[in-house]
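Listed below are the residues making up each chain.
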Amino acid sequence: MKESTRNCPSKMNQLPQKSPLASLVSEGTNSRVESLDNLSMDNFWLEVENIKQSAEAEQEECSLADVKTQEEGEAEAEWLQDAGLSDLLGDGASENDNIVLLSTLTKTQAAAVQRRLDTYSRSRRRKTKHPVRDVRDIFGVANSEETAAKKEESSPDQIWRNVRTSNVQKSENQDYSCTVRNPGKEEMFNMDVAYSEQAAVLLKGSFLSESRRLKDGNALTRFRIPKGRLGVTRIGDLSAQDMKKIPTLALIELTALCDVLGFELKRNKAAKLKTTEKRLFGVPLNTLLENDQKLLPNTKVPLLLQALLSCLEKRGLETEGILRVSGSQTRIKSLEQKLERDFYTGLFHWDEVHQNDVSGLLKRFIRELPAPLLTAEYLPAFAAVQNIPDLKQRLQALNLLILILPEPNRNTLKALLEFLSKVVARENNNKMNLWNVSTVMAPNLFMHKGLPSKIPEGKEKQLAEGAADVVRMMIHYQDLLWTVSSFLVAQVRKLNESNSKRYQFCDKRIKNLLRKIHADKEKVEKNQAEPCKIVKVHASLLLKDSLEVHLNNATRVADVLRQFQKHLCQNGWNINTVNFLKCNNSMECTNLLLYEVGGNIGEHCLDPDTYLLDLYHINPHAEWIIKQNPSYPYVF
């Protein structure tokens, strides 16, 4: 991107500026965007015009907020704060937290942290403020031989060296064959190795792939996540405690990926907007959910949005031009007022509302959020995904961005994307294919009244097509994007293990602790050599006693669930209480799930294809518990 656009904000927001490395792949980006020329953008500009007309009718409510320009070093300080490394900025009291986090980083992730800390340090020195300590010295000097012995292996200097050397060996030994392109066929989407490490190997080996030319929805490449021995983890499979660690790790990984690809990761500073006294439209997602949860505990998606989507699913999916054909602005405004008054009382009659007006209310709800659904901070990053020339790497960046989103935003976005997929599935009747839906929804997701409105001259078409392309990817690849990469789950496990050991060290019984760690290590090594193992599986809601399970290298979660179902039948349970689904020539239990609880994980819902002996070797101290599959019905 040209330097002239640096100070030209846009409603699609500012695109990250390319570093010199990005010039290696810029030609591929241009060719991909040009390949979209044959796809009509009329729907996009029609939707933009509709949004402008709606805003002009309510000028006071749609006034723009000022976005403050960040001073030098401020962006790096915010990044370190969001990455869980705020103690590196000054004299922090919880310095051990940094040791734990830094010890989990890959080589490229560690380099990304060091780069931002160096930039922040230089800016502080130029401002003649208190000098910032070097990352190798941030944890002080040992005051005793005992502490020195303890810190010899855990000092930041050693951690950085270990991260940079051990991961070099890891990168050299890792098989990256699945990242080599195979045009025209289904491709593997490797989630076992950090995306930034994959990109570094590809760039080092000059394996720059050709840009994907996306001409229509049917031409999108198919990706498959290869299931390793530990299965696949979806968003929602991890406990809330462990999921809180994911955004921090995903931010560091996203930054490292952008660094390797030569793109600068730009983030907005959140702007505060004046909110109205309304209860539904223009209300922050957190506030909406807090109010809704008073009526229905555990509500994850605003009830109003659920009602809008349900109404459209029942009566609007077959309507020609749904989402594209705009309803009456006057009726939509009147309906909004009625919803504000009657929604929570149950007096609003959805059957009396025209489908196009409901779709207008849906888009209005998204636009009227005080902050963008994709968040003000990361909207530039979502928009910038279009600049990455390779489709797989664009999806890697999107996957990380989805994981960074706050939970309310992520759940709301998923509900919206699932509905949009249903609209596309009825294309033969409603005449709304994937590209049509994407071009209509892109302005509603990427244009926001709280962000600068000036579009850089000559960039309108590129920004519009790029935004629509990002929406198209989110709709088409949402199952892949809502997956937690195996390398991130492994980092969470390492964080939990390190935290556990750190708290034990605080007991000051170091000799006993070292003896215990040594014994645990021998136990784990012994376990890994065992070809089989007998474990107990708990199901307190269904059985008083535990179920003994014999594990071998072929035992999967699905096998244990079948064994459990057989055990239930032998104990007089009706076989119909446990449902099974035939899949891949095997019978899989559908309403029972096996959870891994404790050890180096909080709680983890296991993939049916997880090999349990492998999991036992990784987390020998966990308990395994069978629970019923929770359902989340939409209630209005």
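Residues numbered from 1 in each chain as written. Predicted model: local features only at pLDDT ≥ 70, side-chain atom pairs only at ≥ 80, totals over all residues. Heavy atoms only, no water.

Let us now look at the overall build of the chain. Scanning the chain for helices and strands turns up 25 helices and 11 strands. Here the chain holds 636 residues, and 52% of them are scored as buried. The contacts in the chain between residues at least 6 apart in sequence include a share of 78% that link residues at least 24 apart. (Helix = DSSP H or I, 4+ residues; strand = E, 2+ residues; numbered from the N terminus. Buried < 20%, exposed > 50% of the residue type's maximum accessible area, 1.4 Å probe, protein only. Contact = heavy atoms within 4.5 Å.)

Quick look at the pairing of strand β10 (residues 601–605) now. In the case of a regular strand, side chains alternate between the two sheet surfaces. As paired strands, strand β9 (residues 592–598) and β10 are joined by 4 bridges and run antiparallel to one another. Paired with V597 across the bridge in β10 is E603. With antiparallel pairing between neighbouring strands as the criterion, β9 and β10 make up a hairpin whose turn holds 2 residues, including G599 at a positive phi of roughly 75 degrees. (Pairing = 2+ DSSP bridges.)

Looking at the chain, pLDDT values average 76 and 66% of them are 70 or higher. Every residue in residues 504–510 scores below 50 in pLDDT, and together they form 6 contacts with partners more than four places removed in sequence or on other chains. Here residues 575–588 is a poorly scored stretch, pLDDT under 50, and it has 29 contacts once near neighbours within four places are set aside; other chains count. (pLDDT = per-residue confidence, 0-100.)

In this structure, L323, F382, F446 and M474 are the most contacted members of the largest nonpolar core, which totals 129 residues. Residue contributions to this core peak at 10 residues, all from helix α10 (residues 246–261). (Core = buried A, V, L, I, M, F, W, Y, C linked by side-chain atoms within 4.5 Å.)

The next point concerns the packing of helix α8 (residues 195–204) against helix α16 (residues 391–404). With their axes 11 Å apart at the nearest point, α8 and α16 run at an angle of 160 degrees to one another. As summarised for this structure, α8 and α16 are arranged roughly antiparallel, according to the angle between their axes. The interaxial crossing formed by α8 with α16 has left-handed handedness. Of the residues in α16, those in contact with Y195, Q198, A199 and L202 of α8 are Q393, Q396, N399 and L400. Here the residues of the contact of α8 with α16 are counted per class, giving 4 nonpolar, 4 polar and no charged. (Axes fitted to C-alpha atoms, helices over the stretch in contact; angles between N-to-C directions. Parallel < 35°, antiparallel > 145°, perpendicular 65-115°, else oblique. Left-handed = near helix turned anticlockwise from the far one by under 90°. Nonpolar A, V, L, I, M, F, W, Y, C, P; charged D, E, K, R; others polar.)

Two numbers describe how helix α5 (residues 107–126) lies on α10: the axes approach to 8 Å, and their chain directions differ by 85 degrees. Regarding the angle of α5 to α10, the classification is roughly perpendicular. Across the interface between the two elements, T108, Q109, A112, V113, R115 and R116 of α5 pack against I252, E253, T255, A256, D259 and V260 of α10.

Under the 1.5 Å per step criterion, the end-to-end length of helix α13 (residues 329–342) is 20 Å for 14 residues, consistent within 8% with the ideal 20 Å. Listed in full, the buried residues belonging to α13 are I332, L335, E336, L339, E340 and D342. Looking at the buried side of α13, the elements it contacts are α12 (303–315) and α14 (355–368). (Expected span 1.5 Å × (residues − 1).)

Okay, the pattern of salt bridges next. For the coordinates displayed, the defined rule picks out 22 salt bridges. One salt bridge connects K363 with E47, and the closest N-O pair in it is separated by 3.1 Å. Here E47 lies in helix α2 (residues 42–57) and K363 lies in helix α14, a separation of 316 residues in the sequence. Each member of the pair, K363 as well as E47, is classed as buried. Residues joined in a network through salt bridges with shared partners are K227, R556, D607 and D609. (Salt bridge = Lys/Arg side-chain N within 4 Å of Asp/Glu carboxyl O.)

This part is about the side chain of N411. Summarising the element assignment, N411 is placed in helix α17 (residues 407–425). By relative accessible area, N411 is classed as buried at 18%. Dropping the residues within four chain positions of it, N411 is found in contact with K300 and V301.

Moving on to the pairing of strand β6 (residues 547–551). A one-sided burial pattern is seen for β6, the buried positions being L547, V549 and L551 and the unburied ones E548 and H550. Looking at chain direction, strand β5 (residues 533–538) and β6 are connected through 5 bridges and run antiparallel. Each bridged residue has a counterpart across the sheet, and for V535 the counterpart in β6 is V549.

Taken in spatial order, the 5 strands of this open sheet run β6-β5-β11-β9-β10, and their pairing is mixed. Strand pairing shows two members of the sheet lacking a second neighbour, β6 and β10, which therefore form its edges. Between one strand and the next, the sheet's axes are offset by a mean angle of 30 degrees, whatever the strand orientation. Bridge count for β5 against strand β11 (residues 623–628) is 2 bridges, and the pairing is parallel. Across the sheet, the residue bridging to H538 is I625, located in β11.

This next bit is on the environment of L400. Locating L400 in the fold gives a position in helix α16. Residues L400 and V484, spaced 84 residues apart in sequence, show a C-alpha to C-alpha distance of 8.7 Å. Once residues lying within four places of it in the same chain are set aside, the contact partners of L400 are Y195, A250, E253, L254, L257 and L488.

A few words on the packing of aromatic side chains. The full count for this structure, using the stated rule, is 8 aromatic pairs. Where Y195 meets F487, the ring centres are 5.2 Å apart and the plane angle is 80 degrees; that geometry is what we call edge-to-face. Pair noted here: Y195 is in helix α8 and F487 is in helix α22 (residues 486–505), with a separation of 292 residues, a long-range link. Aromatic side chains F343 and Y344 sit 5.2 Å apart centroid to centroid with 70 degrees between the ring planes, which places their arrangement in the edge-to-face category. Geometry around W79 places R116 over its ring, the cationic atom sitting 5.6 Å from the centre. Sitting over the ring of W482, K414 keeps its end group 5.7 Å from the ring centre. (Phe/Tyr/Trp six-rings, centres within 6.5 Å; stacked < 30°, edge-to-face > 60°. Lys NZ or Arg CZ within 6 Å of the ring centre and 35° of its normal.)

Unusually for a residue other than glycine, N298 sits at a positive phi of about 70 degrees. With respect to the helices and strands, N298 occurs in the loop between α11 (285–295) and α12. What makes N298 exposed here is its relative accessible area of 65%. A positive phi angle, close to 80 degrees, is found at L323, a residue other than glycine. With respect to the element layout, L323 can be found in the loop between α12 and α13.

Mapped onto the secondary structure, E368 falls in helix α14. As for E368 and P284, which are separated by 84 residues in sequence, their C-alpha atoms are 9.3 Å apart.

This part takes up the environment of P284. Relative to the helices and strands, P284 is located in the loop between α10 and α11. Owing to a relative accessible area of 31%, P284 belongs among the partly exposed residues under this scheme. Here the alpha-carbon distance between P284 and P372, two residues 88 residues apart in the chain, equals 9.7 Å.

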